[in-house]
Every structure is written in structure tokens, then in C-alpha cells.
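Listed below, chain by chain, are the residues.
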Number of protein chains: 2
Amino acid sequence: MGTWNDYLEQNQPRFFAELLDFLRIPSISALSEHAADVQRAAEWVAARVTAAGMEHVQILATGGHPVVYADWLHAPGKPTVMIYGHFDVQPADPYDLWTSPPFAPEVREDRVYARGASDDKGNMLVPILAVEALLKSQGALPVNLKFFFEGQEEIGSPQLGDFIPKHTDLLACDMVLSSDGGQWSEEQPLVLVGLRGGCGVQIDVKAAKADLHSGMYGGMVQNPIHALTTIIAGLHAADGRVTVPGFYDQVRPLSAQDRERIAQVPFDAAAEKASLEVPGFFGEAGYTPRERIWARPTLEVNGIWGGFQGEGVKTVLPSEAHAKITCRLVADQNPTQIVELLIDHISRQVIPGVTVSVKPLAFRAYPYLVPEDEPGNVVVREILHEIYGVEPFYVRSGGSIPVCSLFQRHLGAYTASFGFALDDENIHSPDEFFRLSSFRKGQSAYCTLLERLGR
Amino acid sequence: MGTWNDYLEQNQPRFFAELLDFLRIPSISALSEHAADVQRAAEWVAARVTAAGMEHVQILATGGHPVVYADWLHAPGKPTVMIYGHFDVQPADPYDLWTSPPFAPEVREDRVYARGASDDKGNMLVPILAVEALLKSQGALPVNLKFFFEGQEEIGSPQLGDFIPKHTDLLACDMVLSSDGGQWSEEQPLVLVGLRGGCGVQIDVKAAKADLHSGMYGGMVQNPIHALTTIIAGLHAADGRVTVPGFYDQVRPLSAQDRERIAQVPFDAAAEKASLEVPGFFGEAGYTPRERIWARPTLEVNGIWGGFQGEGVKTVLPSEAHAKITCRLVADQNPTQIVELLIDHISRQVIPGVTVSVKPLAFRAYPYLVPEDEPGNVVVREILHEIYGVEPFYVRSGGSIPVCSLFQRHLGAYTASFGFALDDENIHSPDEFFRLSSFRKGQSAYCTLLERLGR
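Just so we're clear, the structure is a prediction, and the values are computed from it rather than from any experiment. (Residues numbered from 1 in each chain as written. Chains lettered and ligands numbered in written order. Predicted model: local features only at pLDDT ≥ 70, side-chain atom pairs only at ≥ 80, totals over all residues. Heavy atoms only, no water.)

(A) Structural context of the sheet that holds strand 11 (residues 298-307) of chain A. The antiparallel open sheet is built from eight strands, whose spatial order is 14(A)-9(A)-13(A)-11(A)-11(B)-13(B)-9(B)-14(B). Two strands in the sheet have a free side with no partner beyond their single neighbour: strand 14 (355-365) of chain A together with strand 14 (355-365) of chain B. Each strand of the sheet is rotated relative to its neighbour by a mean of 20°, with strand direction disregarded. Relative to strand 13 (residues 320-329) of chain A, strand 9 (residues 197-206) of chain A runs antiparallel, the two being bridged by 10 bridges. Residue pairing for strand 13 of chain A: V201 of chain A is matched across the bridge by I325 of chain A. (Pairing = 2+ DSSP bridges. Helix = DSSP H or I, 4+ residues; strand = E, 2+ residues; numbered from the N terminus. Axes fitted to C-alpha atoms, helices over the stretch in contact; angles between N-to-C directions.)

Below, the structure written as C-alpha cells:
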């Protein structure tokens, strides 16, 4: 047997081909017509971790999209580490904005373009390959290891809130490593110390039984789009604050130290503005752009629709209008309580001539804060320092990974983020890509990290 | 030769088959992919009026969808009557709300269901059949007759504003009869004395270059849906009035007599509410529902869209949001001026973090009022009284037929509405239908009307 590094070197062409196979599965968890594809992705993952040498491989039913579990528990006296990732992906629309089709991966300039390339298929394949390299080159792992890969992260892991507390024995571990994360840049690593939570509602406004002629009825029958826009416009004040009563009540105020920590991480406003092509930034008054996304809650309309969207003119008075809204939450907001506040506030509005209904969306994640000195993060920081040669930034993420707070609350295990995505990789957008250099770098990094954790 | 009535009786089965053929052509003027179908409908009409015995049949280019012209001018000393109608139809979406497909006409209980059945293909075929019956049974018509059928009514006749003034010799006439209209009920006729005009704009709001992850950017980058809903919500006051400065400046106030005329026409609010299945009516404060649709201008959002509209959750911060808006106008508002006011008002709003653009839509119609004692209307009233046995209601319509004001301004001819649609026929909505009884009744009515005009 050679070293794990020899093994990795020799098998890169095969690993790359496997990555492409994985990316071809359109495992979109949000769309029911793709449920079979999510299942297919689970089967692909189960087969792949089996081939890597893991044991007790299982595809476990959750009531929704499945999870894949596997373990290797032959390192008595060593810690038990659980590696997390997800094999589902975001929807890929609008398809016409992709340079190459989202599920026909294409390599351009050392980047592989596909939906899920960065978030999270490329990243979650990395530790599987690292484990295979360790097992095939050394016949054993330096720690006890569990894999926990899910198929519902992109819809907010709706079934895991039930699943994890019911499987605490199976999932018991000392720490979690999440592949669903990234680094600051190709030169600069990071340690993740916070995530936002989230929740959401859909608003449905109904006026007449069918679309009406705007000449025959316009002026007499309420337009549901007018009603909906009135409701939505009222959810924010002009200074960017959310107006839903009670929305900020449980928000932990930023301490002077928090603000200093956040300010230490560079933010190039001009470069960011140019890269996003926005005319300017906008957000809640009294906070810096970074504070707004890392440490303040938001309410965003993710989609709105009603009436005629085609080319030209259709003088219709629509019968319905709809909006999907999600919030990002920060400690110590409770997603269930925020959904109640939203439903209560919107339902209480009186708009004549329409029926307004509000229902929760299947997205509910607690916000999450990790102590900087948590043991997993201490080792992650050490490894990253070695690989990159610089001290990592301590950052929060504006995104949500619902399982992190579930692992913490039900398994007593903190999650250290250890992934190799980068911010420019268009996750959740057209032309998502993953760097092949990150794919390779991550494999060695995971081998090193697992060895270090086994010492 | 028999009478025109014998001819009509003998040919009903063929006429019905021809109606179905006409309805099968998806001549949707609003959608460019159906331009060839609109052209095909023009060819169908040209062939049909030729078969009816009309002369000088021409399909005339307009720069947009064509018009069909034909004449029969062998009644010296008699008035020249031009009959108007349109062979284009509204878009048919949402398709899934149709009981039978919109372009596969189906007869259920003496009604033919198809897009355009009532508005206006069924109605415009009626005078063609009447003219055929007169020519075939009597060898001549009682008046000089012109047909003017257009293919762009449903998009606001954008090219006719140029076309009609350029063809005043060809189109010269003493009066116009419009097939694009209806009666009050199966028992109650009407005389149309007013139409609303119209115009429209599209609002496009752009934030970042692409859809963004709502976790990574939410709170820092403006959401274009928030911006758009703020703009739209601000276009109406809570009391239903349009807030665009200057919008009402040219509106002719309702006189006490106008209000009395309108109040004479019965309005069963409870029945109307039940039929539309609305929880209540809503419109501009200070006016009755009927005054609002007949004699007050409106601003309606016909469609709104942006971001994710699919099933489930997609936590996206959209890059764009859009809305289509049309206004209905009343005398003496000027559609060109109202478009300028809208563009000016919306463009002047300052919303940070987004680019807002407003462009005119191809819909521009002057409002139209006909004197009650205009000669065409006097004869129409007389005939309707004979057919129905009751005095017609004098009504206005909330809809717009842009050519009526063009005929008046450029040909000096008023238009008398003489059509047989009824209000429940779902025009512009799913399950549009036309009564076969109206189809038959209209043919005799047109024969009688033309005879009377020839006396």
C-alpha cells in the first residue's frame, strides 16, 4: 500500500468521472416531479460510500426525501466523527440563463459547471473520496466515522426535525464536520461561527372566481395584485426594517465585540457592488452591509406572480395573486414563533373585496452560533492554517443549514464547517460551478483533518 | 329566389360548421408566435366574404396584423354603411381552467365553447352571413356596404391610428355598425352610448445581475419585488383613487343627468357578487359600482411576476421583477398624455438599490361617447325594440374599442353597436362561449337592420 496521497493522485481521473455522474442526477428536492431523482441520488451515494469501504450503509426513510447513513467504527478509544453533506440541489430555473444545461456538467477553464457542483455535490463527494483513500491505502481510519448525507437541505430539511431525535443512538457522535461550506477565497480560509435560521410563508390572494375583463369589471372588483402589493409593501418600512410586530423581539443585540469581529473581516464594497452589478446596497438602517447579512434577520419575497406574464398586452383583471416569502433569522429567534407572527400580522389586515390566506412553507431552521473555542473548530483552524499559511477569518454565514442546530440540540454535537466552496460559484443561480482545484485540495485536507482528529 | 329568411334557415348547418372552422384558428394577436394564425384568420375571412358575394376583397397590410376590406357599392342614392368586427382573439391562458381546449370548439347545451366564440368571431360572422342571405336571395343589398374587419383589436389596434387616416377614401361611409358588442340579456336589448379608452405601461425593476442566494445576500441587496410592490401599492390610495398626479384632470365630471341615466339601468349587486364569487365590491370612493366601470377611469395591474413561482421553497433573492399595467380612460382623457403622466410619476420615485424602467405598452384608445340621437343609434334602437318587444337600455361599456374613436375622428362617422354577445359569456376568460340562439337571431336582425337603413 502507498500513502493516501498516492492513492488520491492515482485515482483523480476516476473521481472526476464520478463527480460528473453525480452531477447528472437532477435531484431537485423542491419539485415533486424530481422526487425519484432525489431517491436515485441517494442510491448513487449509498453505492459510492459502499465502494469506498464504509459499512452498515443504509438509505433511511424520513417521510420525505431520504437520508444516507454509513459508518466505520473500528477505532476504539478514538473520537467518533460524523461527516454531513447533502445530495439534493436547488431548482435550476431560469434555464435560459445557463451557458450549458444545468444537468449536463461541462468543464470550462478548470471549473465544472452544473447545478449542485458547488452546493453541495462536489463538496460532499470530497470526504467520501478522502475516506476511500485512507481505507484503501492504510486499511483503517484514524477515527470512528459516520456519514450522514441528506436529500432535503435545499427545502429546509423539513423531516429531519423528527428524524434526528428518533435516531440519536445511530447518529451519536463527538463532533460533526460539514462538507456544506466554503472558504473565504483561494488564498484565505475561514472558521464558521454562525448561521442564520429561516422560515417562510406563502400568501394567496383571491378575488373573483376567474380572470375578468378589465374593461367590464375594472374599478368595481378588487384587483388581487393591488391587494397583495399593498400587503407586501407594508412588510418593510422605508428604512428597511421589517414591520411585523414582534419580529425583532428575540433578536440578540450585537455587542461591541461582535461588531468588531465582523468588522475585522474585509469587505470591499466597491468590488462587491461591481461584481453584483447593483446600483447600490440597501438594507436595515443602522447596520453595515455585512452585519445585515450575518447578524440581522430579513424578510424576502422570493417570488411573486399573478395575472398575465406573456408578451404584449392582456387587459385582464386577475382572479388570484401569490407570493412566497422567507425570512432569515438570527439568535435567539424561533422560526415557529416567527411564522405565527407573520400569519397573524398578514391575516389581520383588512383589504376589501378579496380573501387573503397565509400558510407556512416547509422551511424551518433555528439560527446557530458556535463558540470559537469549540474543539472541532480549534482543529479545523489549525489544519486550515497549515494548508493556506494564513490565519482563518472568523465568519458567520447569512445562509441556513438547519441540521446544525438539530445536531446540537439532539446529539449534543457542534458542527465544524469544512468545505471548499467559494463565494463566486453562483450557488442557487444559473451557471453554478465548482473549482476542480478545490475538489482536489479538499480530498487531502479531509485526510489530514481525520488523521489529526485521531491523534 | 326565396326570402333572406328562407336562405338563412336552409343554410344554418353549413353556417354552424363554418363558425367552428373559424374558431379553430388560434388567432391570438398578443403573441408573436401566433402572427401566422392571425394572418390565416384574415385569409379565412377574405375567402368567406368573397363567397358571400362581396367585391374588391382585400387583405391590407398595416405594419402589424392585417385588416380585411370588402365592399358592395351598387345602391346609388342609398347610404353607405360600414360593418366592423375583429378576427383576432385574446390569449387563452390559463389553459388548465378550460373545460374543453380553447381552439377545439365544443358545443354543450346550445352554446359553442371556444376562445373568440363571443368576442368576436361568432358575432362578426353574423353580418357576413346576413349579407350573403340578402345577396343570394335578392341579388342586391338595400344599402351600399363596406366590411372592415381587423386583426389587432385585442391588443388595442396599435397600427390603426396610422392606417385609418391614410385610407379615408377607401373607408368613407355614413355610419359604422359594430358587430363587437352585445345585448343586456336574452330578453333585454341595449343601445351603446359610451366606451372607455385605454393605455398601458410595463414596469421593469432590476437589482443584481442574476438571482442571488437569499442567505448570502438577503438584507444587503435590495429585493426588486419589494421595490416593485412599493411602487404599485403607491399607485392607489386606500379609498381606491389613483394617486398619479394629474390622472383625473381631464375627466369630464358626471352630471346629475348622467348619474340618473346610469341609475336607470338595473344593477343587482347581490346577484352580481354571487356570480363573480367575490366577497364584496371595491372601487373609487364616491361612486356606485356601475359609475365606476362606465364613467370613471381605472388603473389595473394586469400581471406581475418575479422570482420563484414553482412548488415548494426556493430561497432566492430575485434579480428582476415586472408588472404590466393598463388604464381604462373616460372622456376627455387623452391616452398619450396619461402614459406620459404614468411614466413620469413612476420614474420620479427614488428606491435605493434598483433600476426602475417604465415603457409604454401597445394599447392606446381614446374614450368615446355617442349622442343618443345619432341616426345609426336611432335605427338600431327601433329594430331592437321590434325584435325584443321592450325599450333598450342606454348603456356605456367599461371596455374599449379603439377604432370607434378613430372612425369618428377621421371618417366623421359614428359607430352604432349591433352585436349579440351576453355578459356571462366569459370573454377574456376560460370557457368563453357564444349562444347558438344569438348566432341565429343576429343574422335575421342584421338583414332587417340593413333593409331599414335602405329605406
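(B) Just the packing of aromatic side chains, in detail. Applying the stated criterion to the full structure yields 29 aromatic pairs over all chains. Pairing F247 of chain A with Y248 of chain A gives two aromatic rings, centres 5.2 Å apart and planes at 85°, and the pair type is edge-to-face. Relative accessible area serves as the criterion here: at 0%, F247 of chain A is assigned to the buried category. Residue Y248 of chain A is classed as buried on the basis of its relative accessible area, which comes to 14%. Between W184 of chain B and W294 of chain B, the ring centres sit 6.5 Å apart and the planes meet at 80°, which makes this aromatic pair edge-to-face. With a gap of 110 residues between them, W184 of chain B in the loop between strand 7 (175-178) and strand 8 (190-195) and W294 of chain B in helix 10 (residues 289-295) connect regions that are remote in the sequence. When its relative accessible area of 7% is taken as the criterion, W294 of chain B is described as buried. Clustering of aromatic rings is evident, with ring pairs tying together Y84, F148, F163 and F407 of chain A. It is R241 of chain B that lies over the ring of Y248 of chain B; its NZ or CZ is 4.2 Å from the centre. (Phe/Tyr/Trp six-rings, centres within 6.5 Å; stacked < 30°, edge-to-face > 60°. Buried < 20%, exposed > 50% of the residue type's maximum accessible area, 1.4 Å probe, protein only. Lys NZ or Arg CZ within 6 Å of the ring centre and 35° of its normal.)

(C) Local environment of the interface of chain B and chain A. Each partner contributes residues to the interface: chain B has 87 residues there, and chain A has 87 residues. Of the roughly 7,500 Å² buried at the junction of chain B and chain A (both faces included), carbon and sulfur atoms supply 56%. Interface area lost by chain B to chain A is led by M220, F282 and V313 of chain B, which between them contribute 10%. Across the contact surface, chain B and chain A share zero salt bridges. Taken together, the connections running from chain B to chain A amount to 39 residue pairs in polar contact (both at pLDDT 80 or more). At 10 residues, strand 11 (residues 298-307) of chain B tops the list of elements feeding residues into the side of chain B that touches chain A. Its residues placed into classes, the side of chain B that touches chain A shows 38 nonpolar, 33 polar and 16 charged. Sheet topology note: the strand 11 of chain A/strand 11 of chain B ladder contains five bridges and is antiparallel. In the sheet register, G306 of chain A faces strand 11 of chain B, and the bridge partner there is I304 of chain B. (Contact = heavy atoms within 4.5 Å. Buried area = accessible area lost by both parts, 1.4 Å probe. Salt bridge = Lys/Arg side-chain N within 4 Å of Asp/Glu carboxyl O. Polar contact = N/O pair within 3.5 Å; in protein donor to acceptor, adjacent residues only side chain to side chain. Nonpolar A, V, L, I, M, F, W, Y, C, P; charged D, E, K, R; others polar.)

(D) Spatial organisation of the sheet that holds strand 16 (residues 393-397) of chain B. All names here are of chain B. Sheet architecture is open: three strands sit in the order 15-8-16, paired in mixed fashion. Edge positions in the sheet fall to strand 15 (368-369) and strand 16, since each of these pairs with one other strand and no more. As defined by bridge partners, strand 8 adjoins strand 16 across five bridges and the pair is classed as parallel. Pairing of V191 across the sheet is with Y394, part of strand 16. Contacting strand 8 and strand 16, helix 12 (residues 375-388) crosses the sheet at an angle of about 145° to strand 8.

(E) Region of the structure containing helix 2 (residues 35-52) of chain B. Residues and elements named next belong to chain B. A rise of 1.5 Å per residue sets the reference length of helix 2, with its 18 residues, at 26 Å; its end C-alpha atoms lie 26 Å apart and thus fit the reference within 8%. Inspection of helix 2 places D37, V38, A41, A42, W44, V45, A46, R48, V49 and A52 among the buried residues, and these make up the whole buried set. Here the buried face of helix 2 lies against helix 1 (4-23), strand 1 (55-60), strand 2 (67-72), helix 3 (117-138) and strand 6 (144-150). Immediately beyond the C-terminal end of helix 2, within one or two residues, lies G53, with a positive phi of roughly 110°. (Expected span 1.5 Å × (residues − 1).)

(F) Representation of the pattern of salt bridges. All names here are of chain B. In total, this model carries 46 salt bridges over all chains according to the counting rule given. For D204, the salt bridge identified is with K359, shortest N-O distance 3.8 Å. Linking D204 in strand 9 (residues 197-206) with K359 in strand 14, this pair joins segments that are 155 residues apart in sequence. K359 gets classed as partly exposed once you look at its relative accessible area, which sits at 41%. For the salt bridge of D344 with R348, the shortest nitrogen-to-oxygen distance reads 2.8 Å. Here R348 falls in the exposed class, since its relative accessible area comes to 52%.

(G) Here's a closer look at the packing of helix 1 (residues 4-23) of chain A against helix 14 (residues 436-454) of chain A. All names here are of chain A. At their nearest, the axes of helix 1 and helix 14 sit 11 Å apart, and the two run at 135° to each other. Judged by the inter-axis angle, helix 1 sits oblique to helix 14. Crossing geometry of helix 1 relative to helix 14 is assigned as right-handed. For the pair helix 1 and helix 14, the contacting residues are W4, N5, L8, E9, Q12, F15, F16 and L19 in the first and L436, F439, R440, Q443, S444, C447, T448 and E451 in the second. Looking at the contact of helix 1 with helix 14 residue by residue, the classes come out as eight nonpolar, five polar and three charged. (Parallel < 35°, antiparallel > 145°, perpendicular 65-115°, else oblique. Left-handed = near helix turned anticlockwise from the far one by under 90°.)

(H) Structural view of the packing of helix 1 of chain B against helix 2 of chain B. All names here are of chain B. Relative orientation of the contacting elements helix 1 and helix 2 amounts to 160°, with a least axis distance of 11 Å. Between helix 1 and helix 2, the crossing angle belongs to the class labelled roughly antiparallel. From helix 1, R14, F15, E18, D21 and F22 reach across to helix 2, where they touch A41, W44, V45 and R48. Tallied by class, the residues present in the contact of helix 1 with helix 2 amount to five nonpolar, no polar and four charged.

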